[in-house]
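Here are the chains, one letter per residue:
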Amino acid sequence: MKLLKSLYLTRFFFVLFAGVVLMYCLATVFSVFYFAANVALLSLFVAVIADILLTFFVDHPVTVTRRVDSLLNLGDMNEVALEVKNETSQRIKVAIVEGYPIQLQRRSQEEIAVLHANESSVVTYSFKPTQRGEFLFGNVLIYLSSSLFLIKRRIVLPLKQT
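Since the structure is predicted, the reported quantities are computational estimates derived from the model, not experimental observations.

Cut-off values and rules
- Residues numbered from 1 in each chain as written.
- Predicted model: local features only at pLDDT ≥ 70, side-chain atom pairs only at ≥ 80, totals over all residues.
- Heavy atoms only, no water.
- Patch = residues over 30% accessible without salt bridge, like charges linked within 9 Å, V, L, I, M, F, W, Y side chains within 5 Å.
- Areas by Shrake-Rupley, 256 points an atom, 1.4 Å probe, with all protein chains shown as cover.
- Salt bridge = Lys/Arg side-chain N within 4 Å of Asp/Glu carboxyl O.
- Helix = DSSP H or I, 4+ residues; strand = E, 2+ residues; numbered from the N terminus.
- Buried < 20%, exposed > 50% of the residue type's maximum accessible area, 1.4 Å probe, protein only.
- Pairing = 2+ DSSP bridges.
- Axes fitted to C-alpha atoms, helices over the stretch in contact; angles between N-to-C directions.
- Contact = heavy atoms within 4.5 Å.
- Parallel < 35°, antiparallel > 145°, perpendicular 65-115°, else oblique.
- Left-handed = near helix turned anticlockwise from the far one by under 90°.
- Nonpolar A, V, L, I, M, F, W, Y, C, P; charged D, E, K, R; others polar.
- Polar contact = N/O pair within 3.5 Å; in protein donor to acceptor, adjacent residues only side chain to side chain.
- Phe/Tyr/Trp six-rings, centres within 6.5 Å; stacked < 30°, edge-to-face > 60°.

Draft legend 1. Focus on a nonpolar patch on the surface. A cluster of nonpolar residues, L22, L26, V29, F30 and F33, forms a patch on the protein surface that exposes about 470 Å² of accessible area. The element that contributes the greatest number of residues to the nonpolar patch is helix α2 (residues 11-29), accounting for 3 residues. Relative to the helices and strands, F30 is located in the loop between α2 and α3 (32-56). According to the relative accessible area criterion, F30 is partly exposed, its value standing at 47%.

Draft legend 2. Highlighting the sheet that holds strand β5 (residues 110-115). Spatially, the 5 strands line up as an open sheet ordered β1-β8-β7-β4-β5, and their pairing is antiparallel. Taken across any chain shown, the strands that pair with only one partner, and hence form the sheet edges, are β1 (7-9) and β5. For this sheet the average axis-to-axis angle between neighbouring strands, irrespective of direction, equals 25°. For strand β4 (residues 92-97) and β5, the ladder comprises 6 bridges, and the chain directions are antiparallel. Across the sheet, the residue bridging to A95 is I112, located in β5. Lying on the sheet, α3 is in contact with β1, β7 (140-145) and β8 (151-157); it crosses β8 at an angle near 20°.

Draft legend 3. Structural detail: the packing of α2 against α3. For the pair α2 and α3, interaxial distance at closest approach is 8 Å and the crossing angle is 160°. Comparing their axes, α3 and α2 come out roughly antiparallel. You can see that α2 and α3 cross each other, and the crossing is left-handed. In this structure, α2 contributes F13, L16, F17, V20, M23, Y24, L26 and A27 to the contact, and α3 contributes F33, Y34, A36, A37, N38, A40, L41, L44 and V48. Of the residues assigned to the contact of α2 with α3, the class counts are 16 nonpolar, 1 polar and no charged.

Draft legend 4. Main features of the environment of V29. Along the chain, V29 turns up in helix α2. What makes V29 exposed here is its relative accessible area of 61%. Measuring from C-alpha to C-alpha, the distance between V29 and S145 comes to 37 Å, with 116 residues separating the pair along the chain.

Draft legend 5. View of the side chain of T88. Of note, T88 is situated in the loop between β3 (78-86) and β4. Among the polar contacts made by the side chain of T88, one reaches the main-chain carbonyl oxygen of Q90 at a distance of 3.3 Å. With residues up to four places along the chain from it excluded, the contact list for T88 reads V58, P61, A117 and N118.

Draft legend 6. Structural detail: the packing of aromatic side chains. Applying the stated criterion across every chain yields a total of 8 aromatic pairs. Measuring from ring centre to ring centre gives 6.3 Å for F30 and F33, while their planes differ by 65°; the resulting arrangement is edge-to-face. By relative accessible area, which is 31% here, F33 ends up partly exposed. With a centroid separation of 6.0 Å and an interplanar angle of 55°, the aromatic rings of F127 and F135 are classed as tilted.

Draft legend 7. Broad picture of the sheet that holds strand β2 (residues 62-67). Ordered in space as β2-β3-β6, the 3 strands form an open sheet in which the pairing is antiparallel. Edge positions in the sheet fall to β2 and β6 (120-127), since each has one partner strand and no second. Averaged over all pairs of adjacent strands, the angle between their axes in this sheet comes to 15°, without regard to strand direction.

Interpretation in functional terms is not warranted from these geometric data alone.
Right, dumping it as structure tokens:
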């Protein structure tokens with residue numbers, strides 16, 4: 001059940017599936033397409049199973065560390081760095097959704113990175129605090145996909161930090 005909660009089908013999957021449906025529609029008129037549609041559907045099914053195995057084979061495929069100053073300068077630009085490291089032996093595509101503090105008023109801004117085996121990437125952003133107080137950074141969401149791009153795996157990394 002945990003697998004189904006963190007599994008998402010991509011747009012590329014639906015484009016391929018629409019192509020299979022179109023082939024079945026053509027098969028009603030031209031019977032030659034019926035065998036090709038069956039082969040395409042079976043191939044898509046096998047590719048999805050292979051993509052699930054590639055994406056969910058490693059328990060902790062990425063590690064993320066957040067670097068932010070302990071004291072933020074009021075009225076100045078402060079930099080936050082997220083270092084994402086690929087812990088797998090394959091190329092992956094990650095979409096990073098940062099848990100911004102509520103004072104920033106940023107929502108659902110995602111950064112995309114393609115990481116090769118055991119490679120790391122640093123995503124940085126700057127912000128200017130306009131009020132005093134604590135800034136609570138939330139969890140980081142990672143949407144991970146393999147080279148087939150048929151499914152995405154959602155990973156919630158607990159990086160709450162003040």
